[in-house]
Amino acid sequence: MSQPVKASPAAGSVLSTAIFIGIAVAQTPAAPPSFDVVSIRSADLPTPETMRSGQFRTGTTISGGTADFQFVTLADLLPYAYRVKSFQVIGPSSLRESRWNIRAKLADGASQDQVPEMVQAMLVDRFKLAIHHEKRELPVYELVVLKGGPKLEPADAPDAASANTTAATLGPPGLFPFGGPPGGRGPDGGPPNGDGRGGGRGAAFKSADGTVRMSPDENCGMRLEFTQLTMSGLADTLTPFLDRPVIDGTSVKGSYKASLKLPMEIMFAMMQNQIRNANLPPPGGGFGGPGGGPGGPGGPGGCDPGQALGGNSDTSNAALFQAIQKLGLKLQTKKAPFDAIIVDHVEKTPSDN
C-alpha cells in the first residue's frame, strides 16, 4: 500500500512565499490615470475686443487626445475632477483668486471618460492638493413634476458627428451661460448667427445637454432653447440663477426639447452672481457688451441694464418659478445630504511646466 508523500519544509516555505507575493501583487492599487504632458499658464482677463472677436474662451473642450481648459479657476476644476457639483466643494477663497489656461495631452489609449481622474492627478501633482470627504446637509431647491406631468417634447437623436468631441462648461454653467459670452462666438469658433455679425440676434453654444440657443426675447428678456435637455441638466442650468443649489427630483428620464423664457432681471441677477463669485471686475457695458444682447449698444428695444441691476431677488425668483411651471415642473424647498469635498491644502500657484 503506497504511503502519502509529505512536502518538505523547504517546499512549504517556497509555496507560502509564492502565495504571499501573489496576494501582495493583487492588492497593489493601479496607478491613477494621468496626462502625458500638462502646460499651465496664467489667463488674462477678457477685454471688450477679445470678447467681440471670439478670441476669449471659457470652459473645457476635449477633442481626440487633447484637453483644453480655458480661463478656469481651481474652484471650476475641483467639481469637474471629483464629479460633484460646485456647491459640494468647500475650501479657501484662494480657489477663485486666479484663472488659468491649461492644455493637456492624454496618454495613448486613454479614454475621455478618464479625464476627470487625470485632472485630480494634475491638481495633486502641480498644486499639491489635499482633500477629504464629509457628509453635509444643505438647503436646496428640488425640481419636481406638477400634477398633469411635464410639458416637454422628446428630443431628436443626437448628432453622431460630435460624438468624439466634448464641449462644455465646468460645473453648472460657467462664467457665461453654456460655454461662451453672449455677443461673441460659439465654442467651435464660428459666428453664432452664421453671418459673422456677432450675437445681436442670438447665439448657439454646445453644452452637455446638446446645443443651446440664446436669443433676445420680448421686454429685454432672453430665450433659451435646448435640443437635448435632461432633468439633471435643467437643475444644473437653474442653479446659478438662485440662492441655493437645484437638484433633480422628477424621476423623469430621457432627453427633451425645451424652451425657457427668462426676464431681463433674472439674466442680470445671474450675471452679477457669477461675476461676483468669480472675483472679476464688473463689466463696463451691458449684458452682451457692444454689438450684443440686452443692455449692450444695439440690444433689442434699447434695454437699460440699470433697470435690472440691484433688483429685488424675490421678484426675480418668482419670475423664474413661473417660467419653470410652464414646463409642467416646479421648484420646492427642502434639505438634502451631500458628499462634500473639503480642501485641506492647495498651493496658489502651480509647480513649473
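Refer to the structure printed above.
Description of the structure in this document. (Residues numbered from 1 in each chain as written. Predicted model: local features only at pLDDT ≥ 70, side-chain atom pairs only at ≥ 80, totals over all residues. Heavy atoms only, no water.)

**Digging into unusual backbone geometry**
And step 1. Unusually for a residue other than glycine, Phe71 sits at a positive phi of about 55°.
And step 2. With respect to the element layout, Phe71 can be found in strand β3 (residues 66–72).
And step 3. In this structure, Ser251 takes a positive phi of about 60° despite not being glycine.
And step 4. With respect to the helices, strands and loops of the structure, Ser251 is situated in the loop between β12 (246–248) and β13 (256–262). (Helix = DSSP H or I, 4+ residues; strand = E, 2+ residues; numbered from the N terminus.)

**Looking at the environment of Phe87**
And step 1. Within the secondary structure, Phe87 is located in the loop between α3 (74–82) and β4 (89–90).
And step 2. The spatial distance from the C-alpha of Phe87 to the C-alpha of Ala75 is 9.8 Å, given a sequence separation of 12 residues.
And step 3. The contact partners of Phe87, leaving out residues within four places of it in the chain, are Leu138, Pro245 and Phe338. (Contact = heavy atoms within 4.5 Å.)

**Let's talk about the nonpolar core**
And step 1. In terms of nonpolar packing, the biggest core is built from 32 residues, with Leu143, Leu238, Phe241, Val246, Leu260, Leu262 and Leu331 touching the most fellow members.
And step 2. Those elements that provide at least two residues to this core are β6 (130–145), β10 (210–216), β11 (222–229), α5 (231–238), β13, α6 (264–277), α7 (313–325) and β14 (329–345).
And step 3. Non-local contacts of Leu331, meaning those with residues more than four positions away in its chain, are made with Tyr141, Glu142, Leu143, Leu238, Leu242, Val246, Phe321 and Ile324.
And step 4. In this structure, Phe35, Val84, Ile102 and Phe127 belong to the second largest nonpolar core, which totals 31 residues. (Core = buried A, V, L, I, M, F, W, Y, C linked by side-chain atoms within 4.5 Å. Buried < 20%, exposed > 50% of the residue type's maximum accessible area, 1.4 Å probe, protein only.)

**Things to note about the environment of Asn353**
And step 1. Mapped onto the elements of the fold, Asn353 is located in the segment after β14.
And step 2. Of the residues examined, Asn353 reaches a relative accessible area of 53% and is grouped as exposed.
And step 3. Those residues in contact with Asn353 that sit more than four places away from it in its chain are Val38, Ser39, Ile40, Arg41 and Arg126.
And step 4. A polar contact is formed between the side chain of Asn353 and the backbone nitrogen of Ile40, at a distance of 2.9 Å.
And step 5. Of the polar contacts made by the side chain of Asn353, one reaches the side chain of Arg126; its length is 2.7 Å. (Polar contact = N/O pair within 3.5 Å; in protein donor to acceptor, adjacent residues only side chain to side chain.)

**Digging into the packing of aromatic side chains**
And step 1. Inspection of the entire model under this criterion finds 4 aromatic pairs.
And step 2. Centre to centre, the rings of Phe87 and Phe338 are 4.9 Å apart; their planes meet at 80°, and the pair counts as edge-to-face. Of the two residues, Phe87 sits in the loop between α3 and β4 while Phe338 sits in strand β14, which places them 251 residues apart along the sequence.
And step 3. Measuring from ring centre to ring centre gives 5.9 Å for Trp100 and Phe127, while their planes differ by 65°; the resulting arrangement is edge-to-face. Of this pair, Trp100 sits in strand β5 (residues 100–105) while Phe127 sits in helix α4 (residues 115–127), and the two are 27 residues apart along the sequence. Per residue, the accessibility class of Trp100 equals that of Phe127, and both read buried.
And step 4. Lying across the ring of Tyr141, Arg244 places its NZ or CZ 5.0 Å from the centre. (Phe/Tyr/Trp six-rings, centres within 6.5 Å; stacked < 30°, edge-to-face > 60°. Lys NZ or Arg CZ within 6 Å of the ring centre and 35° of its normal.)

**Side note on α3**
And step 1. Buried residues dominate α3, accounting for 8 of its 9 residues.
And step 2. Within α3, burial applies to Leu74, Ala75, Leu77, Leu78, Pro79, Tyr80, Ala81 and Tyr82.
And step 3. Here α3 starts with a cap whose side-chain oxygen sits 3.2 Å from the backbone nitrogen of Ala75, and that cap is Thr73.
And step 4. Count one or two residues on from α3 and you reach Arg83, which has phi positive near 55°.

**Some points on the sheet that holds β6**
And step 1. In spatial order, the strands read β4-β14-β6-β12; together these 4 strands make up an open sheet with mixed pairing. On the outer flanks of this sheet lie β4 and β12, each paired with one strand and no other.
And step 2. In this sheet, β14 lies alongside β4 in parallel orientation, the contact comprising 2 bridges. Residue Val89 lies in a different strand from β14, and its bridge partner there is Ile341. (Pairing = 2+ DSSP bridges.)

**A few points about the pairing of β3**
And step 1. The buried count for β3 comes to 5 of 7 residues, which makes it a mostly enclosed element.
And step 2. Connecting strand β2 (residues 59–63) to the antiparallel partner β3 that follows it, the hairpin turn spans 2 residues, and Gly64 within it adopts a positive phi of roughly 60°.
And step 3. Here β3 runs beside β5; their pairing, made up of 5 bridges, is antiparallel. From the neighbouring strand, Phe69 faces β5, where its bridge partner is Ile102.

**Some thoughts on the side chain of Thr250**
And step 1. Within the secondary structure, Thr250 sits in the loop between β12 and β13.
And step 2. Looking at Thr250, the relative accessible area reads 9%, which means it is buried.
And step 3. Only 2.7 Å separates the side chain of Thr250 from the side chain of Asp248, close enough to count as a polar contact.
And step 4. Sequence-distant contacts of Thr250, defined by excluding residues within four places in its chain, comprise Leu143, Val144, Val145, Met231 and Leu329.

**A short note on the packing of α3 against α4**
And step 1. Orientation of α3 relative to α4, taken along the N-to-C sense of each, is 135°, at an axis distance of 7 Å. It follows that α3 is oblique to α4 by the angle criterion. The crossing of α3 and α4 is left-handed. Taking contact as the criterion, the partners of Leu74, Leu77, Leu78, Tyr80, Ala81 and Tyr82 in α3 are, on α4, Val115, Pro116, Glu117, Val119, Gln120, Met122, Leu123 and Phe127.
And step 2. Across the contact of α3 with α4, the residue classes tally to 12 nonpolar, 1 polar and 1 charged. (Axes fitted to C-alpha atoms, helices over the stretch in contact; angles between N-to-C directions. Parallel < 35°, antiparallel > 145°, perpendicular 65-115°, else oblique. Left-handed = near helix turned anticlockwise from the far one by under 90°. Nonpolar A, V, L, I, M, F, W, Y, C, P; charged D, E, K, R; others polar.)

**Topic: the pattern of salt bridges**
And step 1. Under the criterion given, the structure shown has 11 salt bridges.
And step 2. The residue Lys334 makes a salt bridge to Glu142 at a minimum N-O spacing of 3.8 Å. Of this pair, Lys334 sits in strand β14 while Glu142 sits in strand β6; the two residues are 192 residues apart in sequence, bridging distant segments of the chain.
And step 3. The class of Glu142 is buried, set by a relative accessible area of 13%.
And step 4. Residues Asp156 and Lys257 are paired through a salt bridge, measuring 3.2 Å at the closest nitrogen-oxygen approach. Linking Asp156 in the loop between β7 (153–154) and β8 (165–168) with Lys257 in strand β13, this pair joins segments that are 101 residues apart in sequence. (Salt bridge = Lys/Arg side-chain N within 4 Å of Asp/Glu carboxyl O.)

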